[in-house]
Each structure stands twice: as structure tokens, then as C-alpha cells.
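The lines below spell out each chain.
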Amino acid sequence: MKISACIFDLDGVIVDTAKYHYLAWRRLAREMGFDFSPEHNEQLKGISRMQSLEILLQIGGISLTDAEMIDTAQRKNAWYVDYITTITPDEILPGVVNFLNDLKKNHIKIALGSASKNAGLILQRIELKDIFDAVIDGNKITKAKPDPEIFLMAAQETAAKSSECVVFEDAQAGIEAANNAGMVSIGVGDPETLEQADLVISGFSNMSWKLLKEWLSH
Ligand code: BG6
Ligand code: MG
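A.B. asks: How do you make sense of the pattern of salt bridges when you look at a structure like this?
C.D. replies: Once the charged atoms of two side chains with opposite charge are near each other, the side chains can pair. This model, assessed by the stated rule, comprises 11 salt bridges. With a closest N to O distance of 2.7 Å, Arg 75 and Glu 31 form a salt bridge. Of this pair, Arg 75 sits in helix H4 (residues 66-84) while Glu 31 is found in helix H1 (residues 18-31), placing the two residues 44 residues apart along the sequence. The closest approach of N and O atoms between Lys 161 and Glu 164, which form a salt bridge, is 4.0 Å. Shared partners join several salt bridges into a network, and the residues in it are Lys 2, Lys 161 and Glu 164.

Pasting the structure below:
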């Protein structure tokens, strides 16, 4: 296949912020009197802050008013922002920067497709703001993953056809969104969790444009 653009999720793909989201949600759950396991957390990956809160409350069997929901989501976000204040470029996951540069060198457009409203802040902290040809984050979209909107916007902003885009994702909802957009989906993480992906990799350590091209030529 011809590849024109590669689209990357942020949390858990470019940088290991997924663990900080988990810590903040678990802190909230514990405060409300229940435990929140890593398995529960898989359901929260890739989706918006408010949707995550709804699922968390369901798990805990707790119901809140709309005003309390807003306040609670803000509290979680304040903890999360606090956890990420100290992140540096050192926390970019292994191989990511090399792979991004390799793609650029080979004239492949690169885009970010993240549900996070904190994406801009994180990109600034890890000094990757200027590398992307397009950045689509939680402030730009109206429909959360698994809706394909975020990736279709990324394709549009990089002037790439959907069928020529490859998406890298660590979340089930993100893989579904990529599949719904008619793009190639590459899971980053556990093959069992990401079974709907076209292909699953453990990380970017050995990743290159050449290897990607080879895989997708089969
Ligand atoms: C996604 C994460 O990237 O962003 C989710 O996988 C998170 O876990 C979502 O809830 C929204 O992030 P934020 O930073 O806007 O609360
Ligand atoms: Mg993610």
C-alpha cells in the first residue's frame, strides 16, 4: 500500500503519561471508597475525561449531579497536571524520536491524534511541538474515539487519503477509531488487549520506515 501519513496517539504511545492518568483516576476512586484496577483502566484509555469519569463512577456504583461531575473531573485533572509538571524529553518512549525523524526524512507526513486536552502542554514539555505536521487534540474534536473524527481530521490536515494513513494507538477505543476511519491500525502494547489492530508492536525501539513499508507490503 501507499503510505502518505502516520498518525500517533500521545498518551501511552509517544510518552508514558497513561500511567499518570491511571494514578489520578485511582486516587479519585480510592477517595470515593473503591479500588480501581489496571484492567478497569483499559476501558478509560483513549476516551475523553468526562466519559472516563462516567465509567469510573459506574464501576464504583456512585452517582453524582452534573455540577459534581464537572467539579470531580476538574479535581482529577488538577492531580494529573500536577503529576506531569515534571515530565521532560527523557520520558519520550524509546525509539519514538528516531522513528518520527525517519518518517520525515522519507517525506511521510506525521500527525498527532490525541483525545487529551492537555496534549499541547505535554508536547511543549517533551519538546515535540514543532515536529508534527498536524496536531489534533481533545480541544478540536466533537466526537471521542472510537468515532473516527479525530483521525479523519488528521488525514485532512495532512492532505492524506484515509486509505493511505497508518495509526499508532495503545487504546482499544483508538484502534476501533482507526479501523472506523478505514486506516491501517497498529497497536502499541499487548496483542491480547489490542486484538482488533491490524498489527501489534511492543514499542518503537526497532521501528523504521523501511520496516513499516515491508510489513505493509504483504
Ligand atoms: C487520552 C487518554 O489520550 O486522553 C485518556 O488515553 C484520557 O486516558 C484522555 O482520559 C483525556 O485526557 P485529558 O488530558 O483531556 O483529561
Ligand atoms: Mg493512548
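A.B. asks: Where do I start with the site of ligand 1 in this structure?
C.D. replies: Among the 13 residues in the neighbourhood of ligand 1, the closest are listed as Asp 11, Arg 49, Ser 116, Lys 117 and Asn 118. Between ligand 1 and Asp 11 there is a distance of 2.7 Å, counted from an oxygen atom to a side-chain nitrogen or oxygen. The contact in question runs from an oxygen atom of ligand 1 to an N or O atom on the backbone of Lys 117, over 2.7 Å. Given that more than half its atoms are within 2 Å of the pocket grid, ligand 1 belongs to the largest pocket. Of the residues that constitute the shell around ligand 1, the class distribution is 3 nonpolar, 6 polar and 4 charged. Two domains share the shell around ligand 1, each providing at least three of its residues, namely domain 1 (5-16 + 90-216) and domain 2 (18-84).

A.B. asks: Sorry, what's going on with the packing of H1 against helix H3 (residues 49-60) here?
C.D. replies: Two quantities define a packed helix pair, namely the angle between the helix axes and the distance between the axes. One way to put it is that H1 packs onto H3 with a least axis distance of 11 Å and a crossing angle of 40°. When the interaxial angle is binned, H1 and H3 end up oblique. In this structure, H1 crosses over H3, and the sense of that crossing is right-handed. Across the interface between the two elements, Trp 25, Leu 28 and Ala 29 from H1 touch Arg 49, Ser 52, Leu 53 and Leu 56 from H3. By residue class, the composition of the contact of H1 with H3 is 5 nonpolar, 1 polar and 1 charged.

Criteria and thresholds
- Residue indices follow the written sequence of each chain, beginning from 1 at its first position.
- Throughout, the order in which chains and ligands are written sets their labels, letters from A for the former and numbers from 1 for the latter.
- Thresholds applied to this predicted model are a pLDDT of at least 70 for local features of residues and 80 or more for the giving and counting of side-chain atom pairs; totals over whole chains, interfaces and linings are not thresholded and use all residues.
- The basis for every side-chain value is the complete set of non-hydrogen atoms in the structure, without hydrogens or water.
- Salt bridges, as used here, are contacts in which a Lys or Arg side-chain nitrogen is within 4 Å of a carboxyl oxygen on Asp or Glu.
- Only DSSP runs of H or I with at least four residues qualify as helices, and only runs of E with at least two residues qualify as strands; both kinds are numbered from the N terminus onward.
- One heavy atom suffices: a residue is near a molecule or strand as soon as one of its heavy atoms comes within 4 Å of it.
- By the criterion applied in these results, polar contacts are pairs of N or O atoms within 3.5 Å in which, for protein atoms, one can donate a hydrogen and the other can accept it, and in which residues neighboring in sequence qualify only through two side-chain atoms.
- Cavity means a closed set of points on a 1 Å grid over the protein atoms alone, one where a 1.4 Å probe fits but cannot get out, pocket means an open set with protein on both sides within 12 Å along at least 5 of 7 lines, and lining means a residue has an atom within 4 Å of a point.
- A pocket or cavity is taken to hold a molecule when more than half of that molecule's atoms are within 2 Å of the pocket's grid points.
- All residues other than Ala, Val, Leu, Ile, Met, Phe, Trp, Tyr, Cys, Pro, Asp, Glu, Lys and Arg, Gly among them, are scored as polar; the first ten of these are nonpolar and the last four charged.
- Segment limits for the domains were obtained from an automatic or database-derived domain assignment.
- Axis definition: a line fit to C-alpha positions, over the contact stretch in the case of helices; interaxial angles, taken between N-to-C directions, run 0 to 180 degrees.
- Angular relationships are summarised with four words: roughly parallel below 35 degrees, roughly antiparallel beyond 145, roughly perpendicular across 65 to 115, and oblique for the angles in between.
- Left-handed describes a crossing whose near helix is turned anticlockwise from the far helix through less than a right angle; right-handed describes the clockwise counterpart.
- Throughout, a residue-residue contact means that at least one pair of heavy atoms, one from each residue, lies within 4.5 Å.

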